[in-house]
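Close look at the chain arrangement
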Amino acid sequence: QVQLVESGGGLVQPGGSLRLSCAASGFTFSRYAMSWYRQAPGKERELVATLTSAGGSTNYADSVKGRFTISRDNAKNTVYLQMNNLKPEDTAVYYCNARRWQYVYWGQGTQVTVSS
C-alpha cells in the first residue's frame, strides 16, 4: 500500500522557518522524483520544488527560490522541504508528490500558516 505522510506544518510568524517531512512507503522511493506542491485557499495547486530520483537536480518556483530547499534521504525514504524567511503568502496546504513514468502518488497534505 502506497503511503506519503507529511508532517512538520504549523503556525509560524513572518520571517520564521519550518521543515516539512514526507515519509514514503509502499514503493521504491529511490526511483521516484519527489516534489512539494502547495494550494492556498481559492487558488490552484502549484509546484513548489522538485528533486530528481538521484537527487542531482532541483527545480523551484520563482516565488520560493533562495528561501526553500528540497532534499531527500533515500535510506530513510523521506523527502524534506526546508522553508526559511517565510511570508504570509506562503500560507497553504503543502502536499508531497512522488512521480515515475505514469505512476503518481500524493500525500494528504500539511497546513502551513504564516501569520503574526
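Computed from a predicted model, the values in this text were never measured in an experiment.

1. Focus on the side chain of Glu6
Residue position: Glu6 is located in strand 1 (residues 3-7). Within the buried core, Glu6 has no salt-bridge partner, and the shortest N-O distance to an opposite charge, that of Arg45, equals 7.6 Å. A polar side-chain atom of Glu6 sits 2.9 Å from the main-chain amide nitrogen of Gly109. Apart from the residues within four sequence positions on either side, Glu6 is in contact with Ser21, Cys22, Trp36, Tyr94, Tyr95, Cys96, Gly107, Gln108, Gly109 and Thr110.

2. Some remarks on the sheet that holds strand 1
The strand order across the open sheet formed by 4 strands is 1-3-8-7, and the pairing between neighbours is antiparallel. Two strands close off the open sheet at either side, each with one partner strand: strand 1 and strand 7 (68-73). If you compare each strand with its neighbour and ignore which way they point, the axes differ by 15 degrees on average.

3. Comments concerning the packing of aromatic side chains
Within the structure shown, the criterion is met by 4 aromatic pairs. Every member of this aromatic cluster is reached through a ring pair, and the members are Phe27, Tyr32 and Tyr105. For the cation-ring pair, Arg45 lies above Trp106, with the distance from its terminal atom to the ring centre recorded as 4.6 Å. Above the face of the Trp101 ring, Arg100 is positioned so that its terminal group lies 4.0 Å from the ring centre.

4. Observations concerning the nonpolar core
Grouped burial of nonpolar side chains is what soluble globular proteins tend to show. Membership of the largest hydrophobic core comes to 30 residues, with the highest contact counts inside it found for Trp36, Leu81, Met83 and Tyr94. Mapped by element, the contributors of at least two residues to this core are strand 3 (18-25), strand 4 (33-39), strand 5 (46-51), strand 7, strand 8 (78-83), strand 9 (92-100) and strand 11 (110-114).

Calculation rules
- Residues numbered from 1 in each chain as written.
- Predicted model: local features only at pLDDT ≥ 70, side-chain atom pairs only at ≥ 80, totals over all residues.
- Heavy atoms only, no water.
- Helix = DSSP H or I, 4+ residues; strand = E, 2+ residues; numbered from the N terminus.
- Buried < 20%, exposed > 50% of the residue type's maximum accessible area, 1.4 Å probe, protein only.
- Lys, Arg positive; Asp, Glu negative; His and termini not counted.
- Salt bridge = Lys/Arg side-chain N within 4 Å of Asp/Glu carboxyl O.
- Polar contact = N/O pair within 3.5 Å; in protein donor to acceptor, adjacent residues only side chain to side chain.
- Contact = heavy atoms within 4.5 Å.
- Pairing = 2+ DSSP bridges.
- Axes fitted to C-alpha atoms, helices over the stretch in contact; angles between N-to-C directions.
- Phe/Tyr/Trp six-rings, centres within 6.5 Å; stacked < 30°, edge-to-face > 60°.
- Lys NZ or Arg CZ within 6 Å of the ring centre and 35° of its normal.
- Core = buried A, V, L, I, M, F, W, Y, C linked by side-chain atoms within 4.5 Å.

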